[in-house]
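# Survey of secondary and tertiary structure
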Amino acid sequence: MANVANRVSWSGREQAEEDGESTPLLNGASNRQVRMEEFSSSILFRIGQLSTVDLGDENQELQETDLSSTVVKEILHNENLLSLKYESLDYDNSENQLFMEEERRINHAAFRTVEVTRWVICGMIGILTGLIACFIDIMVEQLAGVKYQVIKSNIDKFTEKGGLSFSLLLWATLNAVIVMVGSLVVAFIEPVAAGSGIPQIKCFLNGVKIPHVVRLKTLVVKVCGVILSVVGGLAVGKEGPMIHSGAVVAAGISQGRSTSLKKDFKIFEYFRRDTEKRDFVSAGAAAGVSAAFGAPVGGVLFSLEEGASFWNQLLTWRIFFASMISTFTLNFVLSIYNHKPGDLSNPGLINFGRFDTDENSYKYFELPIFIGMGAIGGMLGALFNALNNWLTMFRIRYLHRRCLQVIEAVLVAAVTATVSFVMIYYSSDCQPLRENSGEYTLQLFCADGEYNAMASAFFTTPESSVRRLFHDPAGSFNPQTLGLFTLLYFFLSCWTYGLTVSAGVFIPSLLLGAAWGRLFGIMLTTISNDSISWADPGKYALMGAAAQLGGIVRMTLSLTVIMVEATGNVTYGFPIMLVLITAKIVGDLFIEGLYDLHIKLQSVPFLHWEAPVTSHSLTAREVMSTPVTCLRRREKVGIIVDILSKTTSNHNGFPVVENSGNTGQPSRLCGLILRSQLIVLLKHKVFVERENLSLIQGRLKLKDFRDAYPRFPPIQSIHVSQDERDCLMDLTEFMNPTPYTVPQEASLPRVFKLFRALGLRHLVVVDNQNRVMGLVTRKDLARYRIGKNGLEELCLAQT
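Reading guide: rules and limits
- Residues numbered from 1 in each chain as written.
- Predicted model: local features only at pLDDT ≥ 70, side-chain atom pairs only at ≥ 80, totals over all residues.
- Heavy atoms only, no water.
- Helix = DSSP H or I, 4+ residues; strand = E, 2+ residues; numbered from the N terminus.
- Contact = heavy atoms within 4.5 Å.
- Disulfide = S-S within 2.5 Å.
- Buried < 20%, exposed > 50% of the residue type's maximum accessible area, 1.4 Å probe, protein only.
- Core = buried A, V, L, I, M, F, W, Y, C linked by side-chain atoms within 4.5 Å.
- Pairing = 2+ DSSP bridges.
- Patch = residues over 30% accessible without salt bridge, like charges linked within 9 Å, V, L, I, M, F, W, Y side chains within 5 Å.
- Areas by Shrake-Rupley, 256 points an atom, 1.4 Å probe, with all protein chains shown as cover.
- Salt bridge = Lys/Arg side-chain N within 4 Å of Asp/Glu carboxyl O.
- Expected span 1.5 Å × (residues − 1).
- Phe/Tyr/Trp six-rings, centres within 6.5 Å; stacked < 30°, edge-to-face > 60°.
- Axes fitted to C-alpha atoms, helices over the stretch in contact; angles between N-to-C directions.
- Right-handed = clockwise from strand over helix to strand, strands pointing away.
- Parallel < 35°, antiparallel > 145°, perpendicular 65-115°, else oblique.
- Left-handed = near helix turned anticlockwise from the far one by under 90°.

### Focus: the overall build of the chain
Per the secondary structure count, the chain includes 30 helices and 20 strands. Pairs at least 24 apart in sequence give 79% of the contacts found in the chain among residues at least 6 apart.

### Points about the state of the cysteines
On inspection of all chains with the given rule, the structure shows one disulfide. Between the sulfur atoms of cysteine 430 and its disulfide mate cysteine 446 the distance is 2.0 Å. Disulfide cysteine 430 to cysteine 446: torsion about the S-S bond roughly -80°, handedness left-handed. Within this pair, whereas cysteine 430 is found in strand S8 (residues 430-432), its partner cysteine 446 is found in the loop between S8 and strand S9 (450-452), the two being separated by 16 residues in sequence. On the basis of relative accessible area, cysteine 446 is assigned to the buried category, the value being 7%.

### Quick notes on the nonpolar core
Grouped together as the largest cluster of nonpolar side chains are 149 residues, with contacts concentrated most on Phe293, Ile424, Phe459, Phe470, Phe506, Leu510 and Ile576. It is helix H4 (residues 108-161) that provides the largest number of residues to this core, a total of 15 residues. Dropping the residues within four chain positions of it, leucine 510 is found in contact with Phe293, Phe352, Val466, Ala545, Leu549 and Met563. Counting residues in hydrophobic clusters, the runner-up holds 32 residues, among them Leu682, Phe687, Val720 and Met735.

### Focus on the sheet that holds strand S10 (residues 631-632)
Through backbone hydrogen bonds, the strands of a sheet pair up, either in parallel or in antiparallel fashion. With mixed pairing, three strands are arranged side by side in an open sheet as S10-S12-S13. Taken across any chain shown, the strands that pair with only one partner, and hence form the sheet edges, are S10 and strand S13 (669-674). Two elements, S10 and strand S12 (residues 653-657), share two bridges in a ladder whose sense is parallel. Each residue of the ladder has a partner; that of leucine 631, found in S12, is valine 656.

### Focus: a nonpolar patch on the surface
On the surface, a nonpolar cluster with roughly 470 Å² of combined accessible area is contributed by Val177, Met180, Val181, Leu184, Phe188 and Ile189. Inspection of the secondary structure assignment puts leucine 184 in helix H5 (residues 165-189).

### Section: the environment of phenylalanine 352
Inspection of the secondary structure assignment puts phenylalanine 352 in the loop between helix H11 (313-337) and helix H12 (357-360). Sequence spacing of phenylalanine 352 and glutamate 565 is 213 residues, and the spatial spacing of their C-alpha atoms is 9.4 Å. Beyond its immediate stretch of four places on either side in the chain, phenylalanine 352 contacts Val466, Arg467, Phe470, His471, Leu510, Met563, Ala566 and Thr567.

### Details of helix H18 (residues 506-527)
An ideal rise of 1.5 Å per residue puts 32 Å on 22 residues; H18 measures up with 32 Å between its terminal C-alpha atoms. Of all 22 residues in H18, 17 are buried; the element is thus mostly enclosed.

### Some remarks on the packing of aromatic side chains
All chains considered together, the criterion is met by 22 aromatic pairs. Their ring planes at 20° and their centres at 6.0 Å tell us that tryptophan 390 and phenylalanine 394 sit as a pair that is stacked. Of this pair, tryptophan 390 and phenylalanine 394 are both found in helix H13 (residues 367-398), four residues apart, which corresponds to roughly one turn of the helix. Phenylalanine 394 gets classed as partly exposed once you look at its relative accessible area, which sits at 34%. A ring pair is formed by phenylalanine 458 and phenylalanine 485, whose centres lie 4.9 Å apart and whose planes are at 65°; its orientation type is edge-to-face. Residue phenylalanine 458 is found in helix H15 (residues 453-458), and its partner phenylalanine 485 is found in helix H17 (residues 479-496); the two are separated by 27 residues along the sequence.

### Digging into the pairing of S12
Most of S12 sits inside the fold, with five of its five residues counted as buried. Here S12 shows no split at all, with Gly653, Pro655 and Val657 on one side and Phe654 and Val656 on the other all buried. Where S12 lies against S13, five bridges are found, and the strand directions are antiparallel. Residue pairing across strands places valine 656 opposite glycine 671, the latter belonging to S13.

### Describing the sheet that holds strand S16 (residues 763-766)
Read across the sheet, three strands follow the order S15-S16-S17 without closing on themselves; strand pairing throughout is mixed. A single partner strand is all that each edge strand has here, and the edge strands are strand S15 (741-743) and strand S17 (772-776). Strand-to-strand, the axes of this sheet are offset by a mean angle of 30°, without reference to chain direction. Of the strand pairs in this sheet, S16 and S17 are connected by four bridges, and their pairing is antiparallel. From the neighbouring strand, valine 765 faces S17, where its bridge partner is glycine 774.

### Some remarks on the pairing of S16
With burial as the criterion, each face of S16 is covered, one bearing Leu763 and Val765 and the other bearing Val764 and Val766. Note that S15 and S16 share three bridges and pair parallel. Counted as the bridge partner of threonine 741 is valine 764 from S16. For the crossover from S15 across helix H29 (residues 748-758) to S16, the handedness is right-handed. Between S16 and S17, which pair antiparallel one after the other, the connecting turn spans five residues, and asparagine 770 there sits at a positive phi close to 60°.

### Some remarks on the pattern of salt bridges
Applying the stated criterion to the full structure yields 34 salt bridges. In this structure, lysine 202 engages aspartate 596 in a salt bridge whose closest nitrogen and oxygen atoms are separated by 3.0 Å. Linking lysine 202 in helix H6 (residues 198-206) with aspartate 596 in helix H22 (residues 594-601), this pair joins segments that are 394 residues apart in sequence. Among the residues examined, lysine 202 registers a relative accessible area of 10% and is labelled buried. Each of the salt bridges in this network shares a partner with another, and the network as a whole consists of Glu115, Arg118, Arg273, Glu276 and Arg318.

### Re the packing of H6 against helix H9 (residues 274-293)
The interhelical angle for the contact between H6 and H9, taken along N-to-C directions, is 150°, at an axis separation of 10 Å. Viewed along their axes, H6 and H9 adopt a mutual orientation that is roughly antiparallel. At the point where H6 passes H9, the crossing takes the left-handed sense. Contact residues: Ile201, Phe204 and Leu205 in H6; Lys277, Arg278, Val281, Ser282 and Ala285 in H9.

### Things to note about the environment of valine 249
For valine 249, the location among the structural elements is in helix H8 (residues 240-255). Residue valine 249 is classed as buried on the basis of its relative accessible area of 5%.

### Section: the environment of aspartate 588
Within the element layout of this structure, aspartate 588 appears in helix H21 (residues 573-588). You can call aspartate 588 partly exposed: its relative accessible area is 39%. Linking aspartate 588 and methionine 379, residues 209 residues apart in sequence, is a C-alpha distance of 9.3 Å.

### Here we look at unusual backbone geometry
Cis geometry is found at the peptide bond from threonine 626 to proline 627, where omega equals -5°. Residue proline 710 is reached from tyrosine 709 by a cis peptide bond, and omega for that bond is 0°. Within the element layout of this structure, proline 710 appears in the loop between helix H27 (702-708) and helix H28 (722-725). At histidine 212, a residue that is not glycine, the phi angle is positive and equals roughly 70°. Relative to the assigned elements, histidine 212 resides in the loop between strand S5 (208-209) and helix H7 (216-231). With a phi close to 60°, asparagine 770 is a non-glycine residue in the positive phi region. Within the secondary structure, asparagine 770 is located in the loop between S16 and S17.

Pasting the structure below:
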């Protein structure tokens, strides 16, 4: 994304082409002009007006006007933009004649076959997602084991001889090199693979087409990147990216082909449409959660709470089936890898270990303490999100070059290693060695038979640290150790999330919360005169982990079930629920959840469940884009080609109107046709003058449209001769004759509810005589939101 806005365009916009027919989201050119004085006084927020801002290169000179300075001031914060580069997905089926004829030909047995095929695909999604999780887990374990063993032997060697500075240099260099490779792969091969991928999948399931988000190349880069990030010692986890990986697997398998490999297996052709792909991606995301945490039910609830915008009962069962298969596959393969075939004790990538109810039971008077911990988690989560939000804006503005992104990742890796080494070096927290003291214990300056407790937190993978904080007996950590670790790890994890590496925030949040939660439990014991048997530090570490994660990501229902399934103890379900609800309520008082913030910073036209609460004063007439480019039932090929080629009419849907002799007057609506459909029709030369020839060659079928999905060719690649430009194209058979419409007087909340609930891409606005007056698209609705000064209208930007 470009970082500085320096040119304001009131009506024009550029076409963003990427791998074919990729067009901006603006589907109707607005006739609402914004006067300069109105713009200056309202500072980009004048309801009912449309402002379009083009983001250019930072090195160009800014216009020497007050207007320009005002625009730059607003754009620099990157908070008040809505990007035009994102398209919507066509979730609503186009019920044209071809579609209806196909549906009528399918009998009951064929429908049952289709339903069985859906279950087969969900099973395949679960198996492949589980195998990918196994691969990530095994690779991280092997590579991290080699790295920590090399560093441990080096530290042990130089502790006796002196010269530990070489050990610090070795640790920092290894981390920096490993992370540099992971960052290079992400930055230069597939940038969309950065981060956990949850915001991108959340947007996809909301109906936004994020470029490259479910491609095979993205999956490969994601898997390699997350392995290198975790092995490189960053404050990240490998569980979050599993959700993205599962979604990519689902999108690929359900289509029966790979456009990246240019390989078509000629299967699952019926599912080659956005509606079906969305459902399978929901299943893939749930399978990813299930593989990460060993929580099949939590995966289903995550997909419902955070992902899917549309839901039905049958989909719930299929998603649960995919989640269950994913967990079983991971469990089975890891049991073989651990030389314990059949011992299904590794349900997920992260295993919190079992909490003994008898030893760690909670009392009724602890509930207010848990609620207080939830409030602390909400406040710390809000602080984390606010700092990360500011840091991400800084990155968008100043670190948009790929080489700078890689340098920052290397710097963070080196700083993380340095901080870890310095904390271990100066720590005086020595604990006696026990049977479960850990695999990479460092003695350093401790006496024989003791190990450095700070090293057990820093010198291991985050998953191991979480388990130790949960289950190590009381007295395993000094309060000073936990306090310093919490403070430093808070800033390290906040700095790390958002780097150009594949990484998740789940495990760092759990580790951070477990550290201060255990510290909280130690303090409860310390301030009491007598020994408190109920103040087990492991129990409070669990509640702190839930509070911190809930305060950052603001999940409630799904996170409760995930935590319960991961701990294997339903007894803690109620206190975890209390903690998460409190964390969400307190955190929402200050700032949004981390994923929502990153969606907003990327200027994605994300539609929430409800319209802004004060938007009833707006009607469809004020919201719609107008004038609308319409086509007639029988339209000249030359006119269609010109419309599709113009950058000023980069629409993806065109109302089809009755052929009217009155020019300049709105015509009666009779259907809607998509740009992608017109592209296919032009490619196959479906002209009226060639009807006799087409009867000989074979009539165009719905399969021809599915074969072109999802990367339709650009209009520039289709050759139309001068003679063909004079031909006519009959759109009657291919248009959707029953598009959704609303009257001009419909309120914005009513339009929003219809658009959001049905997963629409285009909503035609008509008058009382069914004449086309305007078109409502995603950007027309997403640009309104509640801000500090009431209802605000975002700027439209070509980012």
